[in-house]
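Chains, contacts and geometry: an overview
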Amino acid sequence: MSKIRILILVTRIALGGLFVYAGAQKFVPKPPRPAAEQGVELPDHVVKIKSMIGGLKGTGYFWPQLGVAEIVCGLLLISQLYALLGAVMLVPLSLNIFLFHLYLEPHEVGELIQTGFYLLVNLALLAYDYPKLKTAFLTGDAGSINN
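Residue indices begin from 1 for each chain and proceed along its sequence in written order. Note on the predicted model: pLDDT of at least 70 is required for a residue's local features to be given, and 80 or more for side-chain atom pairs to be given and counted; whole-chain, interface and lining totals, by contrast, use all residues. Excluding hydrogens and water, the side-chain figures rest on all heavy atoms present in the structure.

- With an unreviewed UniProt entry as reference, the protein chain is termed DoxX family membrane protein, source organism Reichenbachiella carrageenanivorans.

Following this line, the structure appears as structure tokens:
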């Protein structure tokens, strides 16, 4: 097995494991916050973050659905057999996570770099499998739909 294939294998397992863990955490109940926070003026970005996350949780379905999507994508990456499908499905999730941090926490440079790294790793996995993607999506006659 070549060094690049070993690197891809390890990368898929690491990114997949990260998303399985993150998805599972969406089902772990968090302890309630102390009441002392109620009278404190929160920074604008914290208010936006709480509103967004609260809205996702408040729907009753989206937060668990997001967790399931992260777990499924992670497991597909770990499986190696369906890793390309997992990487494709993970693009909107990893992009959204990066954009969340870019727009709502731009001052948190460490998290911005970390989430940007996850997105770049995801895109690198797709670049590695580009020949398979090309075969799946770019073959055949484009004009055949009109015929």
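**Notes on the overall build of the protein chain**
- Here a strand is any run of E in DSSP of at least two residues, a helix any run of H or I of at least four, and the numbering for each starts at the N terminus. Each helix and strand in the protein chain was counted, giving 6 helices and 0 strands.
- Going from the N terminus to the C terminus, the protein chain shows its helices and strands as α-α-α-α-α-α.
- Both definitions apply: the radius of gyration is a C-alpha atom measure, and the globule rule equals 2.2 Å times residues to the power 0.38. Radius of gyration (C-alpha) of the protein chain: 19 Å, far over the 15 Å computed for a compact globule of 147 residues.
- Judged by the C-alpha coordinates and their principal axes, the protein chain covers about 65 × 45 × 30 Å.
- Buried means the residue's accessible area, taken with a 1.4 Å probe over protein chains only, is under 20% of the maximum for its type, while exposed means over 50%, and partly exposed covers the values in between. The buried share of the protein chain, reckoned over its 147 residues, is 27%.
- We call two residues contacting when some pair of their heavy atoms lies within 4.5 Å. Relative to all contacts within the protein chain whose residues are 6 or more apart in sequence, the contacts with residues 24 or more apart total 70%.

**Section: a positive patch on the surface**
- Taken together, the side chains of Lys30, Arg33, Lys50 and Lys57 make up a positively charged region of the molecular surface.
- Looking at where Lys50 falls in the secondary structure, it is placed in helix H2 (residues 44-58). Only residues whose relative accessible area exceeds 30% and that take part in no salt bridge are eligible for patches, with like-charged residues grouped when within 9 Å of each other and nonpolar side chains (Val, Leu, Ile, Met, Phe, Trp, Tyr) grouped when within 5 Å. Surface accessibility in these figures is a Shrake-Rupley result with a 1.4 Å probe; residues are shielded only by whichever protein chains are displayed. Note on definitions: salt bridges are taken to be side-chain nitrogens of Lys or Arg within 4 Å of carboxyl oxygens of Asp or Glu. The positive count covers Lys and Arg only, the negative count covers Asp and Glu only, and His and the chain ends enter neither. A single reference atom marks each charge: NZ on Lys, CZ on Arg, CG on Asp, CD on Glu.

**Things to note about the UniProt feature "transmembrane region" (unreviewed entry) in the protein chain**
- UniProt positions are given in the numbering used here, feature names are shortened, and annotations may be inferred rather than shown by experiment. If you check UniProt for "transmembrane region" (unreviewed entry), the listed places come out as residues 6-24, 81-103 and 109-128 in our numbering.
- Across residues 6-24, the secondary structure splits into 100% helix and 0% strand, with the terminal C-alpha atoms separated by 27 Å.
- Helix makes up 100% of residues 109-128 and strand 0%, whereas the separation of the span's terminal C-alpha atoms amounts to 28 Å.

**A few points about unusual backbone geometry**
- Located in the positive-phi region is Gln80, a residue other than glycine, with phi close to 70°.
- When you line up the elements, Gln80 lands in the loop between helix H3 (62-79) and helix H4 (83-104).
- In this structure Gln80 comes out as partly exposed when scored by relative accessible area, which is 22%.

**As for the pattern of salt bridges**
- Overall, the coordinates contain 4 salt bridges when judged by the stated rule.
- In this structure, Lys48 engages Asp44 in a salt bridge whose closest nitrogen and oxygen atoms are separated by 3.5 Å. Here Lys48 and its partner Asp44 are both found in helix H2, 4 residues apart, which amounts to about one turn of the helix.
- According to the relative accessible area criterion, Lys48 is partly exposed, its value standing at 44%.

**Examining the layout of surface pockets**
- Roughly 1200 Å³ of internal volume is contained in the largest pocket.
- Residue lining of the largest pocket: 32 residues in total, with Lys26, Ile53, Trp63, Phe100 and His101 positioned closest to the centre.
- When residues of the lining of the largest pocket are traced back to their parent elements, those giving at least two are helix H1 (3-25), H2, H3, H4 and helix H5 (109-128).
- Examining the composition of the lining of the largest pocket, we find that 8 residues originate from one element, H2, more than from any other.
- Residues that form the lining of the largest pocket fall into these classes: 18 nonpolar, 6 polar and 8 charged.
- Detection works on a 1 Å grid of protein atoms alone, calling trapped sets that fit a 1.4 Å probe cavities and calling open sets with protein on both sides within 12 Å along at least five of seven lines pockets, with lining residues defined by an atom within 4 Å of a point. Grid points are joined across faces, edges and corners, and a volume is the space filled by probe spheres set on the points. In this model, the second largest pocket occupies a volume close to 150 Å³.
- Every residue lining the second largest pocket is listed: Met1, Arg5, Ile8, Leu9, Arg12, Gln80, Tyr128, Asp129 and Lys132.
- Note on residue categories: nonpolar means Ala, Val, Leu, Ile, Met, Phe, Trp, Tyr, Cys or Pro, charged means Asp, Glu, Lys or Arg, and polar means any other residue, Gly included. The residue makeup of the lining of the second largest pocket, split by class, is 4 nonpolar, 1 polar and 4 charged.

**Re the packing of H1 against H5**
- Put simply, H1 and H5 touch, their axes get as near as 11 Å, and they point 135° apart. With respect to H5, the element H1 is oriented oblique. H1 and H5 meet at a crossing whose hand is left-handed. Where H1 approaches H5, its residues Ile4, Arg5, Ile8, Thr11, Arg12, Leu15 and Leu18 are matched on the opposing element by Tyr118, Val121, Asn122, Leu125 and Tyr128.
- Its residues placed into classes, the contact of H1 with H5 shows 8 nonpolar, 2 polar and 2 charged. For helices, the fitted axis covers only the stretch in contact; all axes are lines through C-alpha atoms, and the angles between them, taken along N-to-C directions, range from 0 to 180 degrees. Note on terminology: angles under 35 degrees are roughly parallel, angles over 145 are roughly antiparallel, angles of 65 to 115 are roughly perpendicular, and the others are oblique. What makes a crossing left-handed is the near helix being turned counterclockwise from the far one by less than a right angle; a clockwise turn instead makes it right-handed.

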